[in-house]
Each structure stands twice: as C-alpha cells, then as structure tokens.
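Residue-level structure breakdown
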Amino acid sequence: MEYLYPGGLAKAITFSYDDGQVYDRRLIEIFNQAGFKGTFHLNSGNLDKDGYVQKAELPTLYAEHEIACHGVTHRHPRQMNQTEWLREVWQDRLTLEELTGGIVQGMSYAFGEYYPEQVEALCAMGIQYSRTVESTGSFALPQELLRWKPTCHHNDKLLERAEKFLHVPGYEKMPLFYIWGHSFEFERENTWPLMEQLAEKLHGAQDIWYATNGQIADYLTALRSTRESADGKRLYNPSAQPIWFVSDGKVRVAEPGKLCEI
C-alpha cells in the first residue's frame with residue numbers, strides 16, 4: 001500500500017520563514033500569487049518595532065498562511081536556563097494566539113540551537129513540531145517533528161533542487177520539498193528574483209500539495225496513527241481527517257474514524 005497527500009497528490013512543498021521582519025509582506029505577495037503556503041515564525045516581543053511587522057496586521061497579512069513561535073525576543077536557547085526557555089516559548093505562544101485568535105502549534109529554534117531537554121519540554125507547552133536549520137538536501141519526510149530538518153535554505157541550489165523535485169523518481173514516495181530562510185535575506189542580498197523564478201517554475205503543478213508546516217505535521221501525525229489488520233486487508237483511521245492511499249492501483253480514501261477494506 002502506498003500513501004498519498006490530501007487529494008491524492010503525490011508531492012508536497014512547504015516554506016518556513018523566521019523573524020517577522022517587514023520583508024515578509026513582499027514574500028507573501030509572491031506566495032499568494034503562486035499559491036504557495038508558508039509558515040512564519042514570529043518573535044512576538046519584536047512586533048511593532050522598527051523593521052518588523054505590526055501586531056495589527058497579523059490576521060490579514062498571514063491570513064493564507066501559518067503563524068508559529070520563534071521565541072519572544074529571539075534569545076539564544078543555549079544561553080537560557082530551563083525556566084527562561086519555558087517562558088520564552090510559552091509567552092510567545094500566548095501572545096501570538098491573542099493577536100490572531102487562533103491556535104499556535106509550531107515553532108523554529110532561534111539560531112537553530114537547542115538542548116535535548118528543551119525539545120522534550122515543547123510537548124508540555126502544546127508545540128507539535130519545531131524546525132531546525134540542519135538541512136538534509138533530500139525530499140524525505142521528517143523522522144522527528146520536534147527536530148524537523150528541512151530540505152534546504154533558499155540560498156542552497158534552490159532552482160536546481162526544484163527541478164529535481166519536479167522529476168522525482170517514482171520509487172521516492174511522498175517527496176516533501178521543505179524550504180526555509182529569512183525574508184530580509186532577499187532584500188539584503190538582492191535575490192528577490194530567485195523566489196520569483198521558483199514561483200514561476202512550481203506554480204500550478206497538478207501533483208503538488210502546497211501546505212503550511214502545520215498542515216504537513218497534522219497530516220503526517222494522522223497518517224502515522226492509522227492501524228492495519230494483521231492480514232493487511234483492513235485499515236482503520238482514528239484521526240479526524242481523511243487519509244489518502246493507493247491499493248491495487250486505485251486511489252482510495254480512509255475516512256475519519258472509519259474502518260475500510262484495502
């Protein structure tokens with residue numbers, strides 16, 4: 001049996017951008033025009049400061065995307081004790097939820113650093129996934145959502161990797177292209193055309209699921225919760241969302257809370 005992404009799609013792409021500087025506005029324009037979905041990791045303590053997005057614009061600016069934590073003031077995780085770390089993440093989540101009226105379930109580690117005990121504490125704070133900066137260079141699914149390793153930074157052979165993604169061999173199942181960075185880098189390095197070229201290359205692909213980090217995490221969690229009978233003839237989906245798969249050459253759907261024949 002082969003699993004698929006929602007809608008029976010074979011591939012997925014997601015973006016992850018940190019810090020919430022004003023250049024998110026231009027990046028989101030590109031994303032919206034291309035149909036891309038991104039997750040934006042914000043430092044709630046920096047909002048309204050010079051060079052950063054405003055608190056009042058969060059619900060509209062990021063309406064088609066996802067807001068996630070990045071620490072209240074972008075403090076280095078390894079330069080805090082455990083109490084400070086808990087406060088840095090928890091207060092960031094509280095503030096971002098108050099400003100958006102939503103539920104914040106993800107984050108990325110400031111400076112890409114963390115201690116193992118800090119990772120373990122995230123679950124207790126309601127964080128379901130967190131991105132590192134350890135790029136894999138591959139389209140493999142994450143082994144650990146709380147130590148989620150992306151494919152690459154946008155400065156790392158982005159268009160070359162995009163071309164490979166479009167022509168992934170059939171034996172690579174559920175390829176995921178995960179791109180991360182900071183929007184200010186496009187402005188600082190004058191590389192906005194890079195993202196525009198990526199948008200032109202990947203826009204409107206019929207076999208790609210354009211999703212936020214949270215949507216990917218939720219689907220993988222649901223998929224990994226499915227239960228199969230010992231003889232491989234039945235599949236139970238205990239989650240609240242449909243799970244897509246291929247059986248006997250046909251695309252099938254395991255409906256939420258249902259047992260289905262494979």
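In short, a report on the structure. (Residues numbered from 1 in each chain as written. Predicted model: local features only at pLDDT ≥ 70, side-chain atom pairs only at ≥ 80, totals over all residues. Heavy atoms only, no water.)

1. Section: the side chain of His182
Within the fold, His182 resides in the loop between strand 8 (176–181) and helix 6 (183–189). Residues contacting His182, with those up to four places away along its chain left out, are Tyr17, Asp18, Asp19 and His154. (Helix = DSSP H or I, 4+ residues; strand = E, 2+ residues; numbered from the N terminus. Contact = heavy atoms within 4.5 Å.)

2. Quick notes on unusual backbone geometry
With a phi close to 65°, Phe111 is a non-glycine residue in the positive phi region. Looking at the secondary structure, you find Phe111 in the loop between strand 5 (106–108) and helix 4 (116–124). Not every positive phi belongs to a glycine, and Met174 is a case in point at roughly 50°. Residue classification places Met174 among the buried residues on the basis of a relative accessible area of 8%. (Buried < 20%, exposed > 50% of the residue type's maximum accessible area, 1.4 Å probe, protein only.)

3. Considerations on the state of the cysteines
Following the criterion strictly, the structure yields zero disulfides and no others. For the unlinked cysteine Cys69, the closest cysteine sulfur is that of Cys123, found at 14 Å. (Disulfide = S-S within 2.5 Å.)

4. Describing the sheet that holds strand 1 (residues 2–4)
The antiparallel open sheet is built from three strands, whose spatial order is 1-12-13. Of all the strands in the sheet, the pair left with one neighbour each is strand 1 and strand 13 (250–254). In this sheet, neighbouring strand axes are inclined to one another by 35° on average, regardless of whether the strands run parallel or antiparallel. Pairing analysis gives three bridges linking strand 1 to strand 12 (residues 243–247), with the strands arranged antiparallel. Each residue of the ladder has a partner; that of Tyr3, found in strand 12, is Phe245. Sheet contacts for helix 8 (residues 213–224): strand 1 and strand 12; angle to strand 12, the most-contacted strand, approximately 55°. (Pairing = 2+ DSSP bridges. Axes fitted to C-alpha atoms, helices over the stretch in contact; angles between N-to-C directions.)

5. A short note on the pairing of strand 3 (residues 38–42)
Where a strand is regular, its side chains alternate between the two sheet faces. The buried fraction of strand 3 is high, at five of five residues. By the alternation rule, side chains of strand 3 split into Gly38, Phe40 and Leu42 and Thr39 and His41, which are all buried. One ladder, built from four bridges, connects strand 2 (residues 11–18) with strand 3; its direction is parallel. Looking at strand 3, one finds that Phe15 is bridged to Gly38. Remark: the strand 2/helix 1 (residues 24–34)/strand 3 crossover connection has right-handed handedness. Direction of pairing for strand 3 relative to strand 4 (residues 66–69): parallel, over a ladder of four bridges. Within strand 4, the residue paired with Leu42 across the bridge is Cys69. (Right-handed = clockwise from strand over helix to strand, strands pointing away.)

6. Brief notes about the pattern of salt bridges
The full count for this structure, using the stated rule, is 15 salt bridges. The salt bridge partner of Arg26 is Glu196, with a shortest N-O separation of 3.6 Å. Separated by 170 residues along the polypeptide, Arg26 in helix 1 and Glu196 in helix 7 (residues 192–202) bring together distant segments of the chain. Overall, the relative accessible area of 38% leaves Arg26 in the partly exposed class. Exposure remark for Glu196: the relative accessible area of 36% places this residue in the partly exposed category. With a closest N to O distance of 3.4 Å, Glu113 and Arg78 form a salt bridge. In this pair, Glu113 sits in the loop between strand 5 and helix 4 while Arg78 sits in the loop between strand 4 and helix 3 (82–100), placing the two residues 35 residues apart along the sequence. For Glu113, a relative accessible area of 27% translates into the label partly exposed. (Salt bridge = Lys/Arg side-chain N within 4 Å of Asp/Glu carboxyl O.)

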